[in-house]
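Residues per chain are reported as follows:
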Amino acid sequence: MKIINIKTYITNPGKNEIKNSAFGKNLIFIKLETDNGIIGWGECYSQTDRDIQITSHVQKLEPYIIGYDPINIRNFILGTYRDFSNKRPSMDLWCAISGIEIAMWDILGKYYDQPVYNLLGGKLRDRIKVYANGWAKKLDHESLSKNSIEMVKDRGFKALKFDPFSGPWEEWPEDEIIEEAVERIKVVRESVGIKVDLLIEIHRRLSISKAQIFAKKIEKFDPFWIEEPCISENLDAIKEVKNSTSIPVVTGEALYSRNMFREVMTSGCADIINPDICNTGGILELSMIASMAETFSIGVSPHGWNSTGVGAAAALSVCSTIPNFIIYEYMVHVEEYSKKITKNHPIVEDSFIKLSNKPGLSTEIIEQNLTYIENDKINKRNFGNLS
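Here we summarise the structure given alongside this text. Everything numeric in this text was worked out from a predicted model, so none of it was measured.

What counts and what doesn't
- Residues numbered from 1 in each chain as written.
- Predicted model: local features only at pLDDT ≥ 70, side-chain atom pairs only at ≥ 80, totals over all residues.
- Heavy atoms only, no water.
- Helix = DSSP H or I, 4+ residues; strand = E, 2+ residues; numbered from the N terminus.
- Polar contact = N/O pair within 3.5 Å; in protein donor to acceptor, adjacent residues only side chain to side chain.
- Pairing = 2+ DSSP bridges.
- Axes fitted to C-alpha atoms, helices over the stretch in contact; angles between N-to-C directions.
- Salt bridge = Lys/Arg side-chain N within 4 Å of Asp/Glu carboxyl O.
- Buried < 20%, exposed > 50% of the residue type's maximum accessible area, 1.4 Å probe, protein only.
- Expected span 1.5 Å × (residues − 1).
- Contact = heavy atoms within 4.5 Å.
- Parallel < 35°, antiparallel > 145°, perpendicular 65-115°, else oblique.
- Left-handed = near helix turned anticlockwise from the far one by under 90°.
- Nonpolar A, V, L, I, M, F, W, Y, C, P; charged D, E, K, R; others polar.

So, on to the side chain of Asn 12. Here Asn 12 shows up in the loop between strand 1 (3-11) and strand 2 (27-34). Looking at Asn 12, its side chain comes within polar contact range of the main-chain oxygen of Lys 25, at 3.0 Å.

Printed below as a string of structure tokens:
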């Protein structure tokens, strides 16, 4: 079996009938075609303004991919990391690797007529617990209360994540910004009750002392975790925060491949890691990272800021096989568009997704339903401190 064609799709709901059209970035999908007619789908993590950098790596890898046997996934990872990048990879390259690697697993599953999780040694669970993210579009108290109640009562989610901070990602925010973030958490906790898990996103924004102050203030609301209190490169800072609070600390979405997670394990800086399957190397790499974490009694809750179709299906496959899995991120604001462009889209019921027994990833892209918007039409983000 050989790969005979590779295609990339940069897609966005744009201005159409999708209600949640503005979700802040594009989605990148990879399509691999083989000489025996099997098609595999993968997904690359993306960031606003960094799509072309990722797909350029895919294009540069094309000469190595065409004519390649997709069964040899380990060799693909080795060749790309060791020989193509000379062991100097970046987030953008790992995103490209991940999308291609996931598509190879999809091909293997279809070739052997098995779901991917069976090729990984079989599942440990039939259902995958998920939490809702992307629901807190507005941070005023009324909207937070209304939207959080809707997620719990109407959608059945038992866990919600949101970033309670607004404005630029300042390391040393004014006290009133910290206080307002605390108040927002209070509003959501009082709205949904104590039985719903609250996962607090910080997005690598705070200094050590500000993160410690913030954590102390919100301990009374019993958060399930605080995520990325400080920048991922400073594991000592994250560890200081972890050692000063009773709230479990998460890091990992901005770390790529096993090599970048090694010191997370050995330093003891986090209780839980959240690698993203679409940027950390794909299905096999996430599985190996989870195995590393298991030996250090560290939980795994994969990051999921991708589509709720292909990217989620790949992550669910791995989540079903790892003993130290905790919960997976489900981006509700991408769901409507993902359903439009995806066959056999995963279904959330009472905060769980039941595994599919279809071969491969169990889902694929409906190409004719993809829509596009030019990058220069996406809203610009804040850029430094000067207007």
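Back to the text.
The next point concerns the sheet that holds strand 2. The strands that make up a sheet are held in pairs by hydrogen bonds between backbone atoms, and each pair lies either parallel or antiparallel. Spatial strand order, 1-2-3: three strands in an open sheet with antiparallel pairing. If you trace the sheet from one side to the other, it starts and ends with strand 1 and strand 3 (39-44), each paired once. With strand direction ignored, the average angle separating the axes of adjacent strands in the sheet is 20 degrees. Bridging between strand 1 and strand 2 involves eight bridges; their strand directions are antiparallel.

When you line up the elements, Tyr 112 lands in the loop between helix 3 (91-111) and helix 4 (116-119). Once the C-alpha coordinates of Tyr 112 and Pro 359 are considered, the two residues, 247 residues apart in sequence, prove to be 7.9 Å apart.

Moving on, we come to the pattern of salt bridges. Scanning the model with the defined rule gives 22 salt bridges in all. Across the pair Lys 161 and Glu 329 runs a salt bridge, and its minimum N-O distance is 3.0 Å. With Lys 161 in strand 5 (residues 159-162) and Glu 329 in strand 11 (residues 328-331), this pair connects stretches of sequence that are 168 residues apart. Judged by relative accessible area, which is 2%, Glu 329 ranks as buried. In this structure, the salt-bridge partner of Glu 285 is Arg 258, at a minimum N-O distance of 2.8 Å. One end of the pair, Glu 285, is in helix 10 (residues 283-294); the other, Arg 258, is in helix 9 (residues 257-267), with 27 residues separating them in the sequence. If you follow the salt bridges from partner to partner, you end up with Asp 106, Lys 110, Lys 343 and Glu 364 in one network.

With that out of the way, let us pick up helix 6 (residues 175-192). Because each turn of an α-helix spans 3.6 residues, side chains separated by three or four positions end up pointing in the same direction. For helix 6, with 18 residues, the first-to-last C-alpha span of 26 Å sits near the 26 Å given by 1.5 Å per residue. Summarising the contacts, the buried residues of helix 6 are in contact with helix 5 (141-154), strand 5, strand 6 (197-201) and helix 7 (208-218). Following helix 6 by one or two positions, Gly 193 adopts a phi angle in the positive range, close to 90 degrees.

Before going further, it helps to examine the packing of helix 7 against helix 8 (residues 235-243). Interhelical geometry of helix 7 versus helix 8 gives an angle of 25 degrees and a closest axis separation of 9 Å. Looking at the two axes, helix 7 sits roughly parallel to helix 8. Crossing of helix 7 against helix 8: the hand is right-handed. Counting all contacts with helix 7, which are made through Ile 208, Ala 211 and Gln 212, the residues of helix 8 involved are Ala 237, Glu 240 and Val 241. Residues belonging to the contact of helix 7 with helix 8 are distributed by class as follows: four nonpolar, one polar and one charged.

Shape descriptors only; they carry no functional weight alone.
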